[in-house]
Structures are given as C-alpha cells and as structure tokens.
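Structural description and commentary
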Amino acid sequence: MREVPRYITALIAALRCRDAAQEAIQELDDYEWQELLSFCDAAHLTLFLSRLDTGALPEWVVARVERNVSDSSLRWERIRATYRELSAALDDAGVEHLVIKGFAQCPEFVDDPRLRMQGDFDIYAPPGSIERLEDALRRIGYRSQILPRRNGFLVGDHLPAMTRNTKFEWRGNCFDADLPLGVEPHFCFWNEVDTRFAVEGVEGFWGRRVVRQLDDLTFTGLHPVDNLGYCALHILRNLFRCEWVIHHVYELACCLHANAGDAAFWRCWRESHDDSLRSLEAISFRLAKTWFNCDLSEEAEGEIAGLSPAVQQWFACFSDSPLERMFRANKDGVWLHIALLEKASDKRAVLHHTLFPAMLPSPKGSSQTVTKFKKPVSPWRANGPLRYPTYLISRSAHHLGVLPSALWRGCRWWLSQKGLSPQFWTFFVASFCFNLGLSTFFFLFNIHLIDRGFTEKTIGWLVSAMAVGSLVGTLPAGLLASRYGLHRAAITCFISVIVVFSLRAVVAGVPAHVMLAFAAGAALSIWAVCISPLVAQLTTERNRPFAFSLIFSSGIGTVALGNIAGGSLPGLLAKVSGVTSAVAHQVALLLCCCVVSLGLRPIWRLRIETVAAPKRRRLLPAVDPFLLRFLPAIAIWSLVTGSFSPFANVYFAKHLQMPLPEIGFVFSVSQILQVAAVLVAPLVFRRLGLVSGIVSMQMATASVLAWLALSHGAVGASFLYVGFTAFQWMSEPGMYSLLMDRVPPAGRSDASAWNVLVCSSSQALAAALAGVGFVRFDYPAVLMMVAGIALLAACSFHMLLRRSGREVSCPALTSEMGEVGKPG
C-alpha cells in the first residue's frame, strides 16, 4: 500500500475480523486522527470505530465517536418514519418492491442499524413497475435530476436519485438527523448493457424475496444468500467504476466471518446461485479476505481458488488498488472488467469508455458539490458562470493525467499473466541493449562507408563476408554452447561483438574490413545459435510461444529506436563538438558498441543450468526428414531477405538522395509497422494455417517489391518499403514455429543449426550478387528480379510443405500469440 497513508493501514489492521492489531492505531498523533476521522466520514466507516477498544483511542476521539453514534440513533428514528411513509405510498400505488442495502444489511452485515451510516433508500421494483414506482414517489414530493443515458441505455442499475426540496442547511455533521434522505429507484440487480456481460441467476433474487423484521419495522428484502450475492456484485460493479468500496468490503467481511461455519447457509447459497454468479461473488470474497482477514467457508474458498488466472493475477498486481485510489487516482478496475469479458469488441468498448470518455459530463453534474463531508464549497464556485467550463477542464485534466499510469499498469498486469520469470526479464534487458546498439550501428555503418568512398559493390562483398562468417561460425558456436554452456557462450558473444564492431568503426582498409566483417558474422552466429535455447530454458511450455513473439516484436521495436538514434546522433555530435561528419559517424559507431556493453552485466547475472555435453558429438547436425522439404524453400526465401535489406539505407541515401534524418524516420516507421505486423500475424495463421499464411505473406512481399522497382519518388518508395518490411517480417514467427513444431524436441537444436547454415549461405550469396547487380544494372532491375524470387519462394513453400496432404497448424502459436494481437 505505497499510496495509502499510515493511518489507513492502522485502521484496517484494527478492524480485521481475525488477528486484529490495534498497536499501530495507538501510535497515531492528533493530526493523523483528524485525517482519519475525515476519511472515515467520507468512507462511511466512522460508526465502526465504536467496535474498537476505547483504551486504544484518544479521549476526544472516543467522545466524537460516541456523539456520532448518538446522532445516528436519532437518524435511525427518522429513517424508520420516512420508510413507513414511502412504503405506504408504494402500497397505495400497487407497486411491489423490496429494500436493498441500507438497513436491509442488518443484522447479517452490521449488528445494529444505528451503527451503519445511511444517506438514502435503495428501492428495487421489477422492470415493469419502475415507472409506477417513480410516479408514486413524485406524488409525495420527490423529484429526480436529468436522466443520464449512454447510447440510449440507462447508466448503472438505478434511476437518478430522487430527493425532496428542503430548507436544510449543511451544518458539518454527516450524522445529522435532519439530513435529507433520498431514494434511488433500482430497475435491475445487474445491468448487463452497462457492464457488457450477463450474470446468470440474478433474476431469481426477486422470486426468493422475504418479509423481514428489524426493530418494529417490517419490510420486504432479499433472501440472506441473495443479500450476500447482491452485496458482492455491488462491490464488483464499483470496482469496475473505480469507486470507493471499503465500507462495503468491510461489511461483506463481517458477514462472511459470521457465517463461515454455517453449513446450511452455504448449502443454500450453492444450490441457489449459478456457477457464473458464484464465481463473480468470489472476486469480492477474495478482496474481503485480503483486506480484513475474515474466515471463509470451504465453499467460498473453493470458488476463490477457481477464479481465472487473469483475475488471480489482477489481485496479485492490484489488490490494494481500490484503497490507493482514495488518495491517488487510478483506473485499475478496468483491467478486472476486461478480464471478465469474452468478446474483443466488448473489451475495446470498455477500455475506450474508461480511458477515453467520449461523453461530456452533464452541466448539472458540475453543480453537485460532492466534498466528501470536509467543507462546503463556496456559493460562487458552486453557482458561478464559470462552474461548467472549470468542471469540464478539471475532468479532462483528470483523465489525461491518469492515462499514462493506467496504460503502464495495464501492460504490467497483462504481461504478468504470462508467468515470465525474473531471469527471462534479465535476459530481455540484455537482448534490448544488444539489439539497440547493433541496430544503430548497422543503420550508420553503410552510410559511413559510402562517405569514405566505398561503393555498393564493396558493401555487397562485406555483407557477403559477414554472412560467410556466420555460416562458418555456426558449427563452432554450437560446439561452444554445448560444451561450455549457453551462459558462457552468450558472454563470449557479447565480448566478441563489442571488440570486433569497435574495430570496424576505426579501421580504414578494404582487406581489414573484409576480415572484420567475417569475424562479425562469426560472433553474431553465437547469438543466433544461443538465443532460441536461452529463451526455451528461461520459459515454460505454456509461456514459451509468447516469449518468442515478445522477443521478435520487441527486437523489431528496438530497431526502430536504433534508426531514430542513428538518424540524429551524428548530426548532434557534429553540432555539439564541432567535429567533421566523418569523425561524428565514427564516434557514433563507437557509442553503439558502448550500448551493447551495457547488456553485458545483465547477461552475466543470468543463472542458467549447464547441460552436460554428450560424449560423442557428430561433426554435422542430423537431418530430419522434414528438413529435406523445409530447407530448399527457406533457402530460396533467404535470397530475398539477403538481397535488398542490407542495401536499403544506401538505396534511400544514394539512389533517392534522401537526407539522413528522413531515412531514420522512414526506417523507424518501418520498424513500428513490423511490430504491428508480427502481432497481427497470428490472426492470419489462425485463419489460413501456418503454410498458407506464410505463402500469402511471401506473395504480398513479392507484389510490394515489384511496385517498389517501378517507383521513382521518395515518398512513394518510402511507403512501399514500409509495406515490404512489414510483409517480410510477418512470416518470420510462422516459419520458426513451423520448423520447431514439425521437428521432434530432441532434434530441434540440429534443425536450428541447419536453418542458420542454409539461411546464412543463401544470404551471403544474395548479398554478393545484389551488390554487383545494383552497380551494374541499377536498383529497379534488381528489385524486379528479387520480386520474382520472392514469388518463387512462395510457390516452393506451397509445393514442398503442403505435400503431406493437410494444412500445418500451430495451436500453441495461434492461441498464445493470439493473445498478443487480441484487442483490449
């Protein structure tokens, strides 16, 4: 409870149903007691202080509470008299009704109605009688405010409160016997239109109503088990709306504690309430248990244990959030609401309405001076000409101020459901530094070479040398990881990359660049070999598909950041230090290596079990029969991915004469769209299947490349390039899942090694040929040829991988990754 004052935690500890501790409340000073009493008045908890040991309270606090109890006793007489008048008017009008909340909570929730604060009457009438109930109240002087509506439907489960016009003046006493009593006409027990889901069984509450007696007052109320259910639903609804619930939760805790051993009560509860209703009630039960440590029956414990993982995780993240909201605004209740919805459209609607309210607040609402009983608002502020603009601005500022925190906390809750371990997040940080540093380096490096007089042909040879280095380094990397463990291999990768890429930033000769490009490919091959086993070892079978998709999408997003940094960093360095452009590029490349070095500490802190290497190791990985069909298709596709992508920045800088910051912006937009594409890809795989989905994306890539070859303007080429990268990356998760799913677990390491070998070989050949082709035939002709190869790759995937006669699907990917792309 980081946002909750000390006096609140002390109060909750003192009010606990079991193991109550009053030591903390005895340590409060007079100022904290003043704040606590103000809070209790606002939260309807003041009368409950009479339950505490008077020896634990200051004398002036005891006197204040006794005075409030005395005033509440007088108010109870007024409540009884007013209800008799209401009941008689409704009986004369032939309106059947029952009382909910208020004094109907006694004695199950509160022993004595004099010890429960009540500000109005909650009267329920069946939907067909609600208009007659309202008319009957008007006949005895009650009037309502403007009817609030949203999209034509009533908001909430009751009409606006109806009150009588009185000459009462606020005297600073919320227990004043003369304080007017309003009426809230309820037309339902649960508004499924407003909450966007129905609760089975609440319609039976009306049929089980009972006549009850409290003192000399006779009234119709809910059956005891339904009264418990309605209180739990009322708390849940207020959690959705982010309203104050502490006094309702405390009353529920008292009821649960008192009835924990009543087997007959819980048997009736189980027989009367449907499974879905009991599950919703269990959410409030758990909140009462968490806050006030009440005893629970076996039935209630069982329902709490059966809550969905999403709801359980909400409690793990936000169980104290309703308390914190009373002191600092939050909207954590929306995530609980979303966890209970099934349709994506409903989730989007609830999220949009809560985070981005589209309905303007009522002008009449701006004059309602809700002050939480602290001090009255001045007449000028309440009735002045600027009251509505001021109110509108304050509400807009409130929603905008809460929005960043709400989104961050929602992301944290959503990610926590995946059950990813701290060790995975440590690896994720290391991966982020690795990707950010290298993406910025690669963005700048080719332009740095062009500035130094290198041509596309030379750059093609360097890219090819790196691919050959990756090809040659794959087998040693696998042996390194197998013999010395993934952890040591990853550390070796980081150190090698930092050293080799730092040298690439400072050397000048072509032979040195070729050798360093080869060494860079070999160093990066360690990462290519280790990353999949590392993620697999740091995750479980349930969350592994999501972890891979997270690594894919975050890696692409990190490249977007790297492109933004790469577009701005050299110019900024030149402006600040006054160095030449060439020196600024060189310093920027060295800074990229420093960013990579930041990931060395988290990768060092990983705790990964070292798997013993087999006694006999094959020189070459084993070939699974599926690979005989998969590898030729992936080899053709790798010709596409290795031909244009390494030269894209040169294409924009040299062929289209685009400034470096604009190139960085285009590349950043491209990376953002790639993240979106990877998140949307599972929806395509779910609809078309893995193979058909991959083929469709490859054909889309071929089409965009063909259009790019025919494009001449920088703007059009930029849009087409963004589309090309998006479609290209959409197929990557599907290809990886297809490979891992069709190969036995024991052969996955060998399959991964073969995949790296074939992809590296094809990309090395593609980079060398493309570099020569761009110099000799220019970009349009080569791009059109690459588009044809992409179409050939799509045909190869279709012919070779559908040979089994059935579509290949990946339930784990489409279910877990579908969660990533699911709206809301």
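See above for the structure.
Computed from a prediction, not measured in an experiment: that's the story for all the values here.

Let us look at the overall build of the chain. If you tally the helices and strands in the chain, you get 32 helices and nine strands. As displayed, the chain offers around 36,400 Å² of accessible surface, 60% of which is attributable to carbon and sulfur atoms.

Moving on, we get to the side chain of Ser 796. Within the element layout of this structure, Ser 796 appears in helix 31 (residues 748-801). The class for Ser 796 is buried, based on a relative accessible area of 10%. A distance of 2.9 Å separates a polar atom in the side chain of Ser 796 from the backbone oxygen of Leu 792. Setting aside chain neighbours within four positions, we find Ser 796 in contact with Ala 633, Ile 636 and Leu 801.

With 12 residues, helix 16 (residues 344-355) ought to run about 16 Å at 1.5 Å a step, and its terminal C-alpha atoms sit 16 Å apart, in line with that. Where helix 16 is concerned, the buried positions are Asp 346, Lys 347, Val 350, Leu 351, Thr 354 and Leu 355. Looking straight down helix 16, one finds that the buried residues subtend no more than 140° of arc, so they occupy a single side.

It is worth spelling out the packing of helix 8 (residues 224-240) against helix 10 (residues 263-272) at this point. Direction vectors running N to C along helix 8 and helix 10 enclose 70°, while the axes themselves pass 9 Å from each other. Taken together, the axes of helix 8 and helix 10 lie roughly perpendicular to each other. As for how helix 8 packs across helix 10, the hand of that crossing is right-handed. Across from Pro 224, Val 225 and Leu 228 in helix 8, the residues of helix 10 making contact are Phe 265, Trp 266, Cys 268, Trp 269 and Ser 272. Grouping the constituent residues of the contact of helix 8 with helix 10 by class yields seven nonpolar, one polar and no charged.

All right, on to a negative patch on the surface then. Together, Glu 192, Glu 200, Glu 203 and Asp 274 give the surface a local cluster of negative charge. Structurally, Glu 203 is set in the loop between helix 6 (192-195) and helix 7 (204-207).

To continue, consider the pairing of strand 8 (residues 210-214). Pairing of strand 8 with strand 9 (residues 217-221), which is carried by five bridges, proceeds in the antiparallel orientation. Bridge assignment links Val 211 to a residue of strand 9, and that residue is Thr 220. Turn length for the strand 8-strand 9 hairpin, with the two strands adjacent in sequence and antiparallel, is two residues, and the turn residue Asp 215 shows positive phi of about 55°.

Our next topic: a nonpolar patch on the surface. Together, Ile 495, Val 499, Leu 503, Val 506, Leu 590 and Trp 604 make up an exposed nonpolar region whose accessible area comes to about 510 Å². The element contributing the most residues to the nonpolar patch is helix 21 (residues 486-506), with four residues. By the element assignment, Val 506 lies in helix 21.

This paragraph deals with the packing of aromatic side chains. For the structure on display, the rule yields 49 aromatic pairs. Centroid distance Phe 197 to Phe 240: 6.2 Å. Interplanar angle 70°. Geometry classified as edge-to-face. In this pair, Phe 197 sits in the loop between helix 6 and helix 7 while Phe 240 sits in helix 8, placing the two residues 43 residues apart along the sequence. The exposure classification of Phe 197 matches that of Phe 240, with both residues buried. Sitting above the plane of the Trp 206 ring, Arg 209 keeps its charged end 3.9 Å from the centroid. Between Arg 504 and the ring centre of Phe 501, over which it is positioned, the NZ or CZ distance is 5.5 Å.

Before going further, it helps to examine the nonpolar core. The biggest cluster of nonpolar side chains holds 121 residues, and the ones touching the most others in it are Phe 427, Phe 644, Phe 652 and Phe 797. No other element matches the 18 residues that helix 31 contributes to this core. Here Phe 652 is in contact with Gln 657, Met 658, Ile 663, Val 666, Phe 667, Ala 717, Ser 718 and Tyr 721, once residues within four sequence places are set aside. Core analysis: the second largest hydrophobic core is formed by 118 residues, Ala 14, Val 99, Ile 338 and Leu 403 among them.

Let us now look at the pairing of strand 2 (residues 120-124). Burial analysis of strand 2 places four of its five residues in the buried class, which makes it a mostly covered element. In terms of strand pairing, strand 1 (residues 98-100) meets strand 2 through three bridges, oriented antiparallel. Across the sheet, residue Val 99 finds its bridge partner in strand 2, namely Ile 123. For strand 2 and strand 7 (residues 182-186), the ladder comprises five bridges, and the chain directions are parallel.

For the structure shown, the criterion picks out 28 salt bridges. Across the pair Glu 32 and Arg 6 runs a salt bridge whose closest N-O atoms are separated by 2.6 Å. Taken as a pair, Glu 32 in helix 3 (residues 30-43) and Arg 6 in helix 1 (residues 6-15) lie far apart in primary sequence, 26 residues in all. Overall, Arg 6 belongs to the partly exposed group, its relative accessible area being 41%.

On to the environment of Gly 419, then. Tracing the backbone through its elements, the reader meets Gly 419 in the loop between helix 18 (387-416) and helix 19 (422-451). With 121 residues separating them along the chain, Gly 419 and Thr 540 place their C-alpha atoms 8.6 Å apart. Contacts of Gly 419, omitting those with residues within four sequence positions, involve Arg 542 and Asn 543.

Basis of the calculations
All residue numbers here refer to positions counted from 1 along the written sequence of the relevant chain. Restriction of local features to residues with pLDDT of at least 70 applies here, the model being predicted, together with a cutoff of 80 or more for giving and counting side-chain atom pairs; totals for whole chains, interfaces and linings are based on all residues. For side-chain calculations, the full set of non-hydrogen atoms in the structure is used, while hydrogens and water are omitted. Comment: elements are numbered from the N terminus, with helices defined as DSSP H or I runs of at least four residues and strands as E runs of at least two. Using the Shrake-Rupley algorithm and a 1.4 Å probe, accessible areas are obtained, with residue cover drawn only from the displayed protein chains. Partly exposed residues are those whose accessible area sits between 20% and 50% of the maximum for their type, while under 20% is buried and over 50% is exposed, using a 1.4 Å probe and protein chains only. We call two N or O atoms a polar contact when they sit within 3.5 Å, provided that within protein one can donate a hydrogen and the other can accept it, with sequence-adjacent residues counted only if both atoms are side-chain atoms. The contact definition used throughout considers only heavy atoms, calling two residues in contact when any of these lie within 4.5 Å. Expected span of a helix: the number of residues minus one, times 1.5 Å. Think of it as the arc spanned by the lines of direction from the helix axis to the C-beta atoms. In this analysis, axes come from line fits to C-alpha atoms, helices being fitted only over the stretch in contact, and the angle between any two N-to-C directions falls in the range 0 to 180 degrees. Under this scheme an angle from 65 to 115 degrees is roughly perpendicular, one under 35 degrees roughly parallel, and one over 145 degrees roughly antiparallel; angles in between are oblique. In a left-handed crossing the near helix is turned counterclockwise from the far helix by less than a right angle, and in a right-handed crossing that turn is clockwise. Three classes are used: nonpolar for Ala, Val, Leu, Ile, Met, Phe, Trp, Tyr, Cys and Pro, charged for Asp, Glu, Lys and Arg, and polar for all others, with Gly counted as polar. A patch consists of residues whose relative accessible area exceeds 30% and which take part in no salt bridge; residues with like charges are grouped when within 9 Å of each other, and nonpolar side chains (Val, Leu, Ile, Met, Phe, Trp, Tyr) when within 5 Å. Whenever Lys or Arg places a side-chain nitrogen within 4 Å of a carboxyl oxygen from Asp or Glu, that contact is recorded as a salt bridge. By the counting rule applied here, Lys and Arg register as positive and Asp and Glu as negative, while His and the ends of each chain are not counted. The location of each charge is read from NZ of Lys, CZ of Arg, CG of Asp or CD of Glu. Any two strands with at least two DSSP-identified bridges between them are counted as paired. Stacked, tilted and edge-to-face pairs are distinguished by plane angle, under 30 degrees for stacked and over 60 for edge-to-face with tilted covering the rest, among Phe, Tyr and Trp rings (Trp via its six-membered ring) whose centres lie within 6.5 Å. Both a distance and an angle decide whether a charge sits over a ring: NZ of Lys or CZ of Arg must be within 6 Å of the ring centre and within 35 degrees of the ring normal. Side-chain atoms within 4.5 Å link the members of a nonpolar core, which is a set of buried Ala, Val, Leu, Ile, Met, Phe, Trp, Tyr and Cys residues.

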